[in-house]
Amino acid sequence: MIEKRPISNLIGHLMLIVGIIIVVFPIYYTFVASSLTSTEIVRPPMPLAPGGRLAENYGEALAGGVERVVGVSLERLLFNTFVVAIAIAVGKIVISFLSAFAIVFFRFPLRMAFFWMIFITLMLPVEVRILPTYKVIVDLGLIDTYAGLTLPLMASATATFLFRQFFLTVPGELVEAARIDNAGPFRFMRDILLPLSKTNIAALFVILFIYGWTQYLWPLLVTNDSRMNTIIIGLRKMVDFADASTPWNYVMVTAILAIIPPVVVVVLMQRWFVKGLVETEK
Amino acid sequence: MATITLKDVKKTYGGNVDAIRGVSLAIADGEFIVLVGPSGCGKSTLLRMIAGLESITSGEIAIGDRVVNRLEPAERDIAMVFQNYALYPHMTVRQNLAYGLKNRNTPKEEIERRIAKAAKSLEIDAFLDRKPRQLSGGQRQRVAMGRAIVREPVAFLFDEPLSNLDAKLRVQMRVEIKQLQRALGTTSVYVTHDQLEAMTLADRLVVLNGGRIEQVGTPIELYEKPETSFVATFIGSPSMNLLEIEGASSDWSAPPAFVNQPGTALLGIRPEDIGLADGSTDNDRFRARVRVGAVELVGAESYVHGSLTSGQPLVFRVAGRSRIGIDDELDVVARPESLHAFDAAGRRL
Amino acid sequence: MQRVVFPNKILPYILVAPQIVLTIVFFFWPASQALYQSVMRENPFGLKSGFVGLANFSAVLADGSYLNSLQVTVIFSVLTALLSMGLALLLATAADRVVRGQTFYRTLLIWPYAVAPAVAGMLWLFMFNPAMGTFAYILRRNGFYWDPLLNGNHAMVLIVVAAAWKQISYNFLFFVAGLQAIPKSLIEAAAIDGARGTRRFWTIVFPLLAPTTFFLLVVNTVYAFFDTFGIIHSVTGGGPAKATETLVYKVYNDGFVNLNLGSSAAQSVILMAIVVALTAFQFRFVERRVHYG
């Protein structure tokens, strides 16, 4: 190995510190703003150290402050977003795991047809078929429901492909050993495949949780009732630069609360997430 | 314990690729049968058909007096040791051993009793709570054996179980497998491409070629009386020399009983049956003059690779460290009892 | 080698059923509807629709505002990809240099990945909004007239920065993985051949990163095309004067705000064609990457 020279090492550290400042600063700025009064926020330059209103802002925002602005409580917004993110992540993992299991470990007519049907969905992101998909949701009466918010985002090819890739690396002899050990498809799935897929599932969970949490266009379309909004839609509705009465301190609190949960998930599950992310896309 | 009977078993892939072309075989209770042959001869396919991992195109397989053609592998009461061991990587050794028993609803105490017993006899008690990846190749091999033993099945099926081990360990495990099988008395079918492994393990050997049985017999029978030229060259190392009788030139001679017999096409002589000429002029011996091309010293003996003046290669053994040099010309002889004659189709005469 | 499988006949259908049902209901049916509507036009009363062939497409392609939004999308994508990938590559090489603390830096650098694009847009807007943003204030104080609400170029800069910021984490992780995959022996061989520092980077490391770079280029383009709707919707609303109206934003706007079904559907179909092209490109390249070993 080439020795890493001290100067090169130092330059590396400096570059990374600058990078971190760029990356973290907008979040820090918003956090600082969430500890100031509304008047302080709109009067530039804003101080760069946290102010004294931290507890009050968060307390008031949660205790009806946000509800008075957008007609839905902050807890409800957070709850909705959690439900959506978890439902999308869990639903997608279960659905993809099952279909990949079928495609890899069984031979049946239409197998390849199904495989290609799933594959093609890679090319149909929700953004390019918004109007007709929206119409399906309306026809099914799923506007303002959790099902409407999550189901269309659940069936996509990437998770199925990740599982398929992984299942293909499971040696055939393991399947045979299981069959001799009196393990049918369900036992094999539960006792062998599922434990072996643990890291893949953890990685997918992070990626899909983030995917669900950060949805924007879809929740914007299928929720009319503000009580079904996600926190990001709620935040967007609060932000109005033209309106002098915008409670900027609550906006900042909401923004921070919209950022923190997914960041915590990514940071805590970093090991699986990084591995999973780099592998999913291969 | 059970017999295994195969009746005209056939396997065809995709409608036209014949992997097994009609195999009939009766395996006695407690017998150690080795299926041996070159790669692609169908030996693994045949084993997997007995296991129930491959379907049977036609014919019948019976374990004991039960026809098992349509039974699931788990219903056949067999255990299998795989080439890559196929241990469940996320389970400890103990869990690996217990899994098949649990799935059959064996009582807990019974599972533990069997694991303890198998672990002791295989000397794997020390790693029962380790995961397979923490074990060496040899240890994994033992665990794979253990998984088969705890099941107390009517038959063991081995699919080249030693081919992933290094040479030294292979010899050791070979001996252990044989001892274990003797002790348990369980009917065993063992697949290998290594003829030495086959010879040392088998009660009876089944030599397969192109999806057909070439010969079935004890190792000695196969060695001493190969029924076909294929078996003759496959069993024994180095291979038997085969000389073409058609157009034989004057660079070698053999007793008229062999050479002049109608239909004789090939004359076979094992390298270990050929010796240097000792000056006797007995006419009923095989004689030849050889030019030495290479000498391989393998320890207590050497193999000389030479060629006759017509260019036909001939290998023979000399005891000890010989002084034979490259390009030496030597006279060699072989006794008539040690000669094998085959017809044009390779059948023994 | 043939896959080892279970012999069940009915079970696999039950296992694939959930995904196939969702796929048909929410993918194939809507996509076919988009195709159907793209060749239909409703009469002004919205009562009857008639087949108009490719009229919607030719109308869309002849529309100045559509061509404008195509141009906006391309500029936006190229700038976002370049900025984000450039910064990420710089940070990844820096992470490759340091002896200790890689995990610490990585932990902080992956934050933006978890931030929703719409929120990312708002964060930058908080800082650069002319009315209240501290940075807008600083720019003004230094004599720079900055107003993303009135100046199209400023608006573009703002959404590019927000979009690129959000994507740094992703690009960083892939570049780090790419750098780690380069065999150390190659770097050593280059060192023995006398290549040092920047020279070694541009002649050895960068070419070996080419597969990663190509891959990220495709991913970033797809991201800029489709996943940045939230940024644009929350920061500029496509304005000022359509200066930041991307293709996806326009599909949304024409379909949901202007209620022009035929045109929106035709635009959807064109977008699908773009995705197909990008995916095909990516797969061709992924196949090539397999040959690299």
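Note that the structure is a prediction, hence the values are computed from the model and not measured.

Chemist: Can you help me understand the domain arrangement of chain B in this one?
Modeler: Accessible area lost upon the coming together of the parts serves often as the stated size of an interface. Residues and elements named next belong to chain B. By the assigned domains, chain B splits into domain 1 (4–231) and domain 2 (241–343). Put simply, the middle of domain 1 and the middle of domain 2, counted by C-alpha atoms, are 39 Å apart. Between domain 1 and domain 2, the contact holds seven residues from the first and six residues from the second. A combined buried area of about 480 Å² lies between domain 1 and domain 2, and 57% of that area is made up of carbon and sulfur atoms. Scanning the region where domain 1 abuts domain 2 turns up zero salt bridges. Our enumeration of links across domain 1 and domain 2 arrives at two residue pairs in polar contact (both at pLDDT 80 or more).

Chemist: Just to check I follow, could you spell out the interface of chain C and chain A for this structure?
Modeler: Taken residue by residue, the interface counts 98 residues in chain C and 108 residues in chain A. A buried area of about 9800 Å², summed over both sides, lies between chain C and chain A, and 78% of it is on carbon and sulfur atoms. Linking chain C to chain A there are 14 residue pairs in polar contact (both at pLDDT 80 or more). Here the element with the most residues in the side of chain C that touches chain A is helix H1 (residues 11–37) of chain C; it accounts for 20 residues. The class makeup of the residues in the side of chain C that touches chain A is 71 nonpolar, 17 polar and ten charged.

Chemist: What is the right way to look at unusual backbone geometry in this model?
Modeler: Across the chain, the bulk of peptide bonds are trans and the bulk of non-glycine residues have phi less than zero. Ser 237 of chain B connects to Pro 238 of chain B through a cis peptide bond whose omega is -5°. Despite not being glycine, Asp 144 of chain A shows a phi value in the positive range, around 60°. Backbone geometry at Ala 86 of chain B places phi at a positive 50°, although glycine is not the residue there. Residue position: Ala 86 of chain B is located in the loop between strand E6 (78–81) and helix H2 (93–102). Judged by relative accessible area, which is 5%, Ala 86 of chain B ranks as buried.

Chemist: Looking at this structure, how should I read the packing of aromatic side chains?
Modeler: Each aromatic ring pair is specified by the distance between its two centres and by the angle formed by the two planes. For the coordinates displayed, the defined rule picks out 51 aromatic pairs over all chains. Consider the rings of Phe 97 of chain A and Phe 167 of chain A, whose centres lie 5.3 Å apart with planes at 85°: the pair is edge-to-face. Taken together, the positions of Phe 97 of chain A in helix H4 (residues 74–105) and Phe 167 of chain A in helix H8 (residues 157–168) put the pair 70 residues apart, joining distant regions of the chain. Under the relative-accessibility criterion, Phe 97 of chain A is labelled buried at 5%. By relative accessible area, Phe 167 of chain A is classed as buried at 0%. Arranged with centres 5.2 Å apart and planes meeting at 40°, the rings of Phe 174 of chain C and Phe 215 of chain C form a pair that is tilted. Pair noted here: Phe 174 of chain C is in helix H7 (residues 152–181) and Phe 215 of chain C is in helix H10 (residues 210–227), with a separation of 41 residues, a long-range link. Judged by relative accessible area, which is 1%, Phe 215 of chain C ranks as buried.

Chemist: Before we go on, may I ask you to explain the UniProt feature "domain: ABC transporter" (unreviewed entry) in chain B in this structure?
Modeler: When the UniProt feature table is mapped to this numbering, "domain: ABC transporter" (unreviewed entry) covers residues 4–235 of chain B. Across residues 4–235 of chain B, helical content stands at 37% and strand content at 26%; the span's end C-alpha atoms are separated by 25 Å.

Chemist: Where do I start with the pairing of strand E10 (residues 212–217) of chain B in this structure?
Modeler: Looking down a regular strand, the side chains alternate between one sheet face and the other. Residue and element names in this part refer to chain B. With five bridges joining them, strand E9 (residues 204–209) and E10 adopt antiparallel strand pairing. The residue of E10 that forms the bridge with Leu 205 is Gly 217. Once E9 ends, the chain turns through two residues before running back antiparallel as E10, passing Gly 210 with a positive phi of about 55°.

Chemist: Is there a simple way to explain the sheet that holds strand E19 (residues 339–343) of chain B in this structure?
Modeler: Sheets are built from strands that pair by backbone hydrogen bonding, the pairs being arranged parallel or antiparallel. Residue and element names in this part refer to chain B. Spatial strand order, E11-E13-E19: three strands in an open sheet with antiparallel pairing. In this open sheet, the two strands that pair with only one neighbour each are strand E11 (241–244) and E19. Strand after strand, the sheet turns through a mean of 30° between neighbouring axes, direction not considered. Direction of pairing for E11 relative to strand E13 (residues 264–269): antiparallel, over a ladder of four bridges. Across the sheet, residue Leu 243 finds its bridge partner in E13, namely Leu 267.

Chemist: Got a minute to help me understand the environment of Met 156 of chain C in this structure?
Modeler: Residues and elements named next belong to chain C. Position of Met 156 among the secondary structure elements: in helix H7. In sequence terms Met 156 and Val 72 are 84 residues apart; their C-alpha atoms lie 8.7 Å from each other. The contact partners of Met 156, leaving out residues within four places of it in the chain, are Val 72, Ile 75, Phe 76, Ala 243 and Thr 244.

Chemist: I'm lost on the sheet that holds strand E1 (residues 4–13) of chain B in this one. Help?
Modeler: Residues and elements named next belong to chain B. Pairing is antiparallel in the open sheet, where four strands are placed in the order E2-E1-E4-E5. Whereas interior strands pair on both sides, the edge strands pair on one side only; in this sheet they are strand E2 (17–27) and strand E5 (66–67). In the sheet, E1 pairs with strand E4 (residues 58–63) via five bridges, with the strands oriented antiparallel. Following the sheet pairing, Lys 7 is matched in E4 by Glu 60.

Chemist: What's the story with the side chain of Arg 270 of chain B in this structure? I'm lost.
Modeler: Tracing the backbone through its elements, the reader meets Arg 270 of chain B in the loop between E13 and strand E14 (274–276). Apart from residues no more than four positions distant in its own chain, Arg 270 of chain B is found in contact with Leu 222, Tyr 223, Pro 226, Ala 232, Ile 235, Gly 236, Met 240 and Asn 241 of chain B.

Chemist: Quick question: what am I supposed to make of a nonpolar patch on the surface here?
Modeler: Residue and element names in this part refer to chain C. Together, Leu 67, Leu 70, Val 74, Val 78 and Leu 82 give the surface a local cluster of nonpolar side chains, amounting to about 420 Å² of exposed area. Position of Leu 82 relative to the elements: it lies in helix H3 (residues 64–97). Taking relative accessible area as the criterion, Leu 82 reaches 59% and is therefore assigned exposed.

Chemist: Sorry if this is basic, but what is going on with the nonpolar core here?
Modeler: Within soluble globular proteins, side chains that are nonpolar tend to cluster in buried spots. One finds Phe 101, Phe 105, Phe 167 and Phe 273 of chain A together with Phe 126 of chain C to be the most contacted residues of the largest nonpolar core, which totals 232 residues. If you tally residues by element for this core, the top one is H4 of chain A, at 17 residues. With 44 residues, the next largest nonpolar core counts Ala 144, Ile 177, Leu 201 and Ile 235 of chain B among its residues.

Chemist: I would appreciate a short explanation of the UniProt feature "transmembrane region" (unreviewed entry) in chain C in the present structure.
Modeler: All names here are of chain C. Listed under "transmembrane region" (unreviewed entry) in the UniProt record, and renumbered for this structure, are residues 12–31, 70–92, 104–127, 201–226 and 265–286. Secondary structure content for residues 12–31 is 100% helix and 0% strand, and the end C-alpha separation is 26 Å. Secondary structure across residues 104–127 divides into 71% helix and 0% strand, with the first and last C-alpha atoms of the span separated by 26 Å.

Chemist: Can you help me understand the packing of H4 of chain A against helix H11 (residues 198–213) of chain A in this one?
Modeler: Helix packing geometry: the angle between the two helix axes and the distance between the axes. All names here are of chain A. Direction vectors running N to C along H4 and H11 enclose 135°, while the axes themselves pass 8 Å from each other. Viewed along their axes, H4 and H11 adopt a mutual orientation that is oblique. In this structure, H4 crosses over H11, and the sense of that crossing is right-handed. Only Ile 201, Leu 204, Phe 205, Leu 208, Phe 209, Tyr 211, Gly 212 and Trp 213 of H11 make contact with H4, whose side of the interface consists of Leu 78, Thr 81, Phe 82, Val 84, Ala 85, Ile 86, Ile 88, Ala 89, Val 90, Lys 92, Ile 93 and Phe 97.

Chemist: Even after reading the chapter, I still don't get the confidence of the model for chain C, so can you show me in this structure?
Modeler: Predicted coordinates in regions of low pLDDT should not be interpreted in detail. All names here are of chain C. Looking at chain C, pLDDT values average 84 and 94% of them are 70 or higher. Ranking the elements of chain C by mean pLDDT puts helix H13 (residues 261–292) last with 72 and H7 first with 92. The low-confidence segment residues 289–293, where pLDDT is below 50, has three contacts with residues more than four positions distant or belonging to other chains.

What counts as what
- Residues numbered from 1 in each chain as written.
- Chains lettered and ligands numbered in written order.
- Predicted model: local features only at pLDDT ≥ 70, side-chain atom pairs only at ≥ 80, totals over all residues.
- Heavy atoms only, no water.
- Domains from an automatic or database assignment.
- Contact = heavy atoms within 4.5 Å.
- Buried area = accessible area lost by both parts, 1.4 Å probe.
- Salt bridge = Lys/Arg side-chain N within 4 Å of Asp/Glu carboxyl O.
- Polar contact = N/O pair within 3.5 Å; in protein donor to acceptor, adjacent residues only side chain to side chain.
- Helix = DSSP H or I, 4+ residues; strand = E, 2+ residues; numbered from the N terminus.
- Nonpolar A, V, L, I, M, F, W, Y, C, P; charged D, E, K, R; others polar.
- Buried < 20%, exposed > 50% of the residue type's maximum accessible area, 1.4 Å probe, protein only.
- Phe/Tyr/Trp six-rings, centres within 6.5 Å; stacked < 30°, edge-to-face > 60°.
- UniProt positions renumbered as here; feature names shortened; annotations may be inferred.
- Pairing = 2+ DSSP bridges.
- Axes fitted to C-alpha atoms, helices over the stretch in contact; angles between N-to-C directions.
- Patch = residues over 30% accessible without salt bridge, like charges linked within 9 Å, V, L, I, M, F, W, Y side chains within 5 Å.
- Areas by Shrake-Rupley, 256 points an atom, 1.4 Å probe, with all protein chains shown as cover.
- Core = buried A, V, L, I, M, F, W, Y, C linked by side-chain atoms within 4.5 Å.
- Parallel < 35°, antiparallel > 145°, perpendicular 65-115°, else oblique.
- Left-handed = near helix turned anticlockwise from the far one by under 90°.
- pLDDT = per-residue confidence, 0-100.

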